[in-house]
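Coordinate analysis (summary)
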Amino acid sequence: MNILERIVENINYLGGAALFLIGLHTVVTHTNLIKKIIGINIMGTGVFLFFIAIGNIEGGTPPIWLEGMENPIFVNPVPSALILTGIVVSVSVTVYLLSLVIRIFQTYGTIDQKELAEIMEQEVPHD
Amino acid sequence: MISQLPIINLVALLLMAIMVPFIKKISFRATLWLGGILLIGVLVSSVFIFIHVANVGDIIYHFGDYESFLGIEFKVDPFASLFTLFVGTLAFIIYVYSSGDKTEGIESPEFSRYYVLYFLMLFAMFGILYSNDLFNTYVFIEIISLTSCAIISIKRKKEPYPAAFRYVLLNEIGSLSFLFGIAMLYMISGHLNIDLLANTIQSGWTTLPINIIFAIVFMTVGLSLKAAIFPFHIWLPDAHASAPSTSSAILSAVVVKIYILVLIKLILKVFGVELFASLGMDTVLLIFGGAGMIMGSIFAMTQKDLKRMLGYSSVSQIGYIVVGLALMSDLGLRSAFFHIISHGLTKAALFLSVGIVIYLKKSRSVKGFEGLGFQIPIAMTVFGIAAFSMIGIPLTSGFIAKWNLGIAVESASQYIFLGVIVISSLLNAMYYLPILFAAFLKDNPEHQEKVSIEKIPAAMLLPIVVLGLSILLIGIYPNLLMQLIDLVIARL
C-alpha cells in the first residue's frame, strides 16, 4: 500500500515525467515528420507540467494579496512565470519546425522520413 | 561604468540584429560596415572587461536591482570573460570573411537575414557565458538553437531542409532534457541562481538524492546532444555540411563549444566535481570522449564530401575536449580549455579555406584538389597549417593541445587514452594528408592558369591568413594563452 500512496502523492510529477517519455517515444519511433513535431510538443508539455507541479502548494491560494487576508498560503508563482517563457519558446520552435516541413514537402513531395531518406539516397550518386 | 559593459555588449548585439533590416534599405554596404565596427567595439569592451575582471574582481550585475534569489544575475568571472573574448574574436574574423564572400547559395534578399541571425546568435552566446541563472541560460540556449538552425536552412537549396529539421528536433530534445534537469534542481532548492544552487546541493544530496541524479543525467545528456558528443553526434555532419561555409565555420568552431562550456559550468559550479564523479559520470564521459575521438576520425575517412569530413573531424575533436573535462583534474581542464580555443581557430580556418575552394570550384568533393596549391596558394597554405594542427604536428596549436591532454591523461594514470590519442592523430593524418598531397605535390594539366589569387576578394583571404598565423603563434608561444587559462582555472 505504501507504494500506492506514494504514487498518489506524487501523481503530478509522475504525470509530467510520463508525458515527457510519451513525447520522446513519439519523436523517436514515428517516421511522419508532423507526428515528430507533435511528440516534441508533448515532451515540452510534460516538462512544463512538472515545473508547475513544483510550484503548487496544497491548499494554497493564487499569489494575489486581498484585503482581510490573514496568514495566507500562496502558491509559488515563479514556476508559472518561467513556464510562460517556456511556452513562448516552444511555440516558436513549433512554428519553425512546421515551416521547415512545408519547405520539405514543397521540394521532396513527402513528409515521411523513410521516403525522404530514399529520395535523398537516389539523388546523391555514390561514386 | 565598467560593470555596465557586459550589458552594453549584449544590448549592442541585440540592437544590431534588430536594425539590420532597416539599415539595409538605405545601403547594404553601410550595414556591413556598421556591423563590423560594432563587433570591433564589442571586442574592445570584452578586452576591457577581461582586464578588469582579471585584476580587480568579478563583475556582478543584478537586473532591475533585484536580489539574486529573486531576479536574474549576471556574473562575469575570468571564465566568462575569456570565452566571450574567444567567441567575439572568432565571430569578427568570420564576419569579415562573410562580408567578402557572397556566400554560396544565399540569395541577396536572404543576405541581410543572415546577419540578423548572426547577431542574434552572438547575443545569445554572450548571454550564456555571462549569465549566472539556469533558466536564463535555457532561454539563451533556445535562442542559439533556433538561430543556428535557421542559419543552416537559409540557403535556397533543398538539401539543408531535412538536415535542419533533424538538427532542430534533436536540439529540442536536448533543450527539454536540460529544462527537465533544471526542474529537478528547482524542486530541491527553490533557486535558479547558480551560486545559491551550489550552496544547497549538498543538503539536497542527503534529502533527495534521486532528484540530483536525474538532474545530472538529464542535463549531461541534453547538453551532449547539443554539443554532438560522440553517440549523440548524428545530426552534426549533415547540418554542418549543408550550411553555407561561414555558417559552418561559426557553428563548428564556436556554437558547439558553448554547450560544452555550459556543461563545464554546471559540473564545476553547480554539482561539484566530487558529486559528479561519485556517480560515475566522469567515466561515462571518458568513454564517450574516447569513443568519439576514434569513431569520429573513422567516419571522417569514409566521407566523399569535404565538409561532411570536416564535420566528423569536429566530432572527434570534441572527443578530445570531453576527455580533458572528464579527467576532472586541473590539468585535464587546462587541456580542455586550450583545446576549445585551439580547435575553434583551427576548424574556422579549415571551413573558411574550404569555403574558398568551394567558391572557386563550386564543388564539395574531396577529390579534384590536384594542383590547387598553385592556384590558390594562400588558402591552401592555411588549409595545410590547420590540417597540421588537427593532426597535431609541432609548431601548431593542435600539437600543444594534444600534448597537454597527454600530460593530463598520464598524470591521471589513464594510460589507455595515450594510445587513443596517438591512434586518433594517425587517423586524422590519414584523411587530411591525401588532400594536401594532391594540392601541393600533384599537378593538374587541366588547370593551366597558375595563379588566380586576384579572383578571390581580399576580405575572404585576410581572415584566413589571420587564423593561420594565430594557429602558428599559439603553437609557438602557448604560454601566452596558458597564462590566461591558468588564471581562469584558479578563479573558477
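Note that the coordinates shown come from a computational prediction; the quantities given were computed from them, not determined experimentally. (Residues numbered from 1 in each chain as written. Chains lettered and ligands numbered in written order. Predicted model: local features only at pLDDT ≥ 70, side-chain atom pairs only at ≥ 80, totals over all residues. Heavy atoms only, no water.)

**Concerning the pattern of salt bridges**
Pairing of side chains with opposite charge becomes possible as their charged atoms draw close. Residue and element names in this part refer to chain B. Put simply, the rule reads: The rule for a salt bridge is simple: a side-chain nitrogen of Lys or Arg has to be within 4 Å of a carboxyl oxygen of Asp or Glu. Secondary structure follows DSSP: runs of H or I at least 4 residues long count as helices, runs of E at least 2 residues long count as strands, and numbering of each begins at the N terminus. Each residue gets one of three labels from its accessible area relative to the maximum for its type: buried under 20%, exposed over 50%, partly exposed in between, using a 1.4 Å probe on protein chains only.
The final tally for this structure, using the stated rule, is 6 salt bridges over all chains. Residue Asp58 pairs with Arg491 through a salt bridge whose shortest N-O separation is 3.0 Å. Here Arg491 lies in the segment after helix 20 (478–490) and Asp58 lies in the loop between helix 2 (28–55) and strand 1 (59–62), a separation of 433 residues in the sequence. By relative accessible area, Arg491 is classed as partly exposed at 32%. With a closest N to O distance of 2.3 Å, Arg308 and Asp238 form a salt bridge. Of the two residues, Arg308 is situated in helix 13 (residues 306–326) and Asp238 in helix 9 (residues 235–242); the sequence distance between them amounts to 70 residues. On the basis of relative accessibility, which here comes to 21%, the residue Arg308 falls in the partly exposed class. Residue classification places Asp238 among the partly exposed residues on the basis of a relative accessible area of 22%. One network of salt bridges, with partners in common, ties together Arg166, Asp238 and Arg308.

**Some details on the confidence of the model for chain A**
In regions of low pLDDT, the predicted coordinates are not meant to be interpreted in detail. Keep this limit in mind: What pLDDT expresses is the predictor's confidence in each residue, scored from 0 to 100.
Overall, the prediction assigns chain A a mean pLDDT of 86, with 96% of residues at 70 or greater. Per-element confidence in chain A is highest for helix 3 (residues 33–55) of chain A, whose mean pLDDT is 91, and lowest for helix 5 (residues 113–123) of chain A, whose mean pLDDT is 82.

**Concerning the pairing of strand 2 (residues 73–76) of chain B**
Residues and elements named next belong to chain B. Heads up, the rule is: By the convention used here, strands pair only if DSSP detects at least 2 bridges between them.
Of the two faces of strand 2, the one carrying Glu73 and Lys75 and the one carrying Phe74 and Val76 are both buried. One ladder, built from 4 bridges, connects strand 1 with strand 2; its direction is antiparallel. From the neighbouring strand, Tyr61 faces strand 2, where its bridge partner is Phe74.

**Quick look at the nonpolar core**
Rules: Among buried residues, the Ala, Val, Leu, Ile, Met, Phe, Trp, Tyr and Cys ones that are joined through side-chain atoms within 4.5 Å form a nonpolar core. Note on contacts: a residue pair qualifies if any of its non-hydrogen atoms lie within 4.5 Å across the two residues.
Counting residues in each nonpolar core, the largest one holds 208 residues, and the members touching the most others are Phe119, Leu122, Phe178, Leu185, Phe271 and Phe337 of chain B. Not counting residues within four places of it along the chain, the set of residues in contact with Phe119 of chain B comprises Leu13, Met16, Ala17, Val20, Gly35, Leu38, Leu39 and Tyr95 of chain B.

**A look at the packing of aromatic side chains**
Residues and elements named next belong to chain B. Applied cut-off: Stacked, tilted and edge-to-face are the three classes applied to pairs of Phe, Tyr and Trp rings, where Trp contributes its six-membered ring and a pair requires centres within 6.5 Å; stacked means planes under 30 degrees apart, edge-to-face means over 60, and tilted covers the rest.
One pass over the full model with this rule turns up 30 aromatic pairs over all chains. On the numbers, 5.8 Å between centres and 45° between planes, the contact of Phe79 with Phe337 is tilted. A residue pair is termed long-range when its members are at least 10 positions apart, and Phe79 in helix 3 (residues 78–100) and Phe337 in helix 14 (residues 330–361) qualify at 258 residues. Exposure class is identical for Phe79 and Phe337. Each is buried. Taken together, a centroid distance of 6.5 Å and an interplanar angle of 70° make the contact between Tyr115 and Tyr118 edge-to-face. Remark: Tyr118 and Tyr115 occur in helix 4 (residues 108–130); sequence separation between them is 3 residues, near one turn of the helix. Comparing Tyr115 with Tyr118 shows no difference in burial state: the two are buried.

**Brief notes about helix 1 (residues 5–26) of chain B**
Residue and element names in this part refer to chain B. Heads up, the condition is: One less than the residue count of a helix, multiplied by 1.5 Å, gives the span that helix is expected to have. Two axes enter the definition of the bend at a residue: one is fitted to the seven residues ending there, the other to the seven starting there, and the bend is the angle between them.
With 22 residues, helix 1 should reach 32 Å at 1.5 Å per residue; the first-to-last C-alpha distance of 29 Å fits that figure. When the local axis directions of helix 1 are compared, the greatest deviation, roughly 50°, occurs at Val20, which is followed within four positions by the proline Pro21. By the burial criterion, the buried members of helix 1 are Leu5, Pro6, Ile7, Asn9, Leu10, Leu13, Met16, Ala17, Val20 and Ile23.

**Regarding the confidence of the model for chain B**
Residues and elements named next belong to chain B. Per-residue pLDDT for chain B has a mean of 86; in total, 96% of the residues score no lower than 70. Taking the mean pLDDT of every element in chain B, the minimum, 76, falls on helix 15 (residues 372–375) and the maximum, 90, on helix 5 (residues 134–152). Confidence estimates for the predicted assembly give a pTM of 0.92 and an ipTM of 0.92.

**Brief notes about the packing of helix 10 (residues 245–271) of chain B against helix 13 of chain B**
All names here are of chain B. Condition: For every element, the axis is a line fit to its C-alpha atoms; helices are fit only across the contacting stretch, and the angle between N-to-C directions ranges from 0 to 180 degrees. Orientation categories follow fixed angle ranges, with anything under 35 degrees roughly parallel, anything over 145 roughly antiparallel, 65 to 115 roughly perpendicular, and all other angles oblique. Two helices cross in a left-handed way if the nearer one is turned anticlockwise from the farther one by less than a right angle. They cross in a right-handed way if the turn is clockwise. Amino acids outside the nonpolar list (Ala, Val, Leu, Ile, Met, Phe, Trp, Tyr, Cys, Pro) and the charged list (Asp, Glu, Lys, Arg) are all regarded as polar, and Gly is one of them.
At a closest axis distance of 11 Å, the pairing of helix 10 and helix 13 adopts a crossing angle of 20°. Here helix 10 is positioned roughly parallel relative to helix 13, judged by the angle of their axes. When you trace helix 10 past helix 13, the crossing you get is right-handed. Counting all contacts with helix 10, which are made through Ser245, Ser248, Ser252, Val256, Lys257, Ile260, Leu263, Ile264 and Ile267, the residues of helix 13 involved are Lys307, Ser314, Ile318, Ile321 and Leu325. By residue class, the composition of the contact of helix 10 with helix 13 is 8 nonpolar, 4 polar and 2 charged.

**Here's the deal with the environment of Tyr115 of chain B**
Residue and element names in this part refer to chain B. A residue is classified by how much of its surface remains accessible, and Tyr115, at 2% relative accessible area, is buried. Residues Tyr115 and Gly41 lie 74 residues apart in sequence; the distance between their C-alpha atoms is 17 Å. Those residues in contact with Tyr115 that sit more than four places away from it in its chain are Val20, Phe28, Leu32, Tyr95, Ser98 and Ser99.

**Some details on the side chain of Ser131 of chain B**
Residues and elements named next belong to chain B. Keep this limit in mind: Polar contact criterion, stated in full: a pair of N or O atoms within 3.5 Å, where within protein one must be able to donate a hydrogen and the other to accept it, and residues adjacent in sequence count only if both atoms are side-chain atoms.
Of note, Ser131 is situated in the loop between helix 4 and helix 5. In this structure the side chain of Ser131 is engaged in a polar contact, spanning 3.2 Å, whose partner is the backbone nitrogen of Asp133. Engagement of the side chain of Ser131 in a polar contact is seen with the side chain of Asn136, the distance being 3.0 Å. Filtering out sequence-adjacent residues up to four positions away, Ser131 remains in contact with Glu73, Phe74, Asn136, Thr137 and Lys265.

**With respect to helix 9 of chain B**
Residues and elements named next belong to chain B. Taking burial as the measure, the 8 residues of helix 9 include 7 buried ones, the bulk of the element. Turning to helix 9, its buried residues are Trp235, Leu236, Pro237, Ala239, His240, Ala241 and Ser242. Those residues of helix 9 that are buried are in contact with helix 5, helix 6 (160–189), helix 8 (209–227), helix 10, helix 13 and helix 14.

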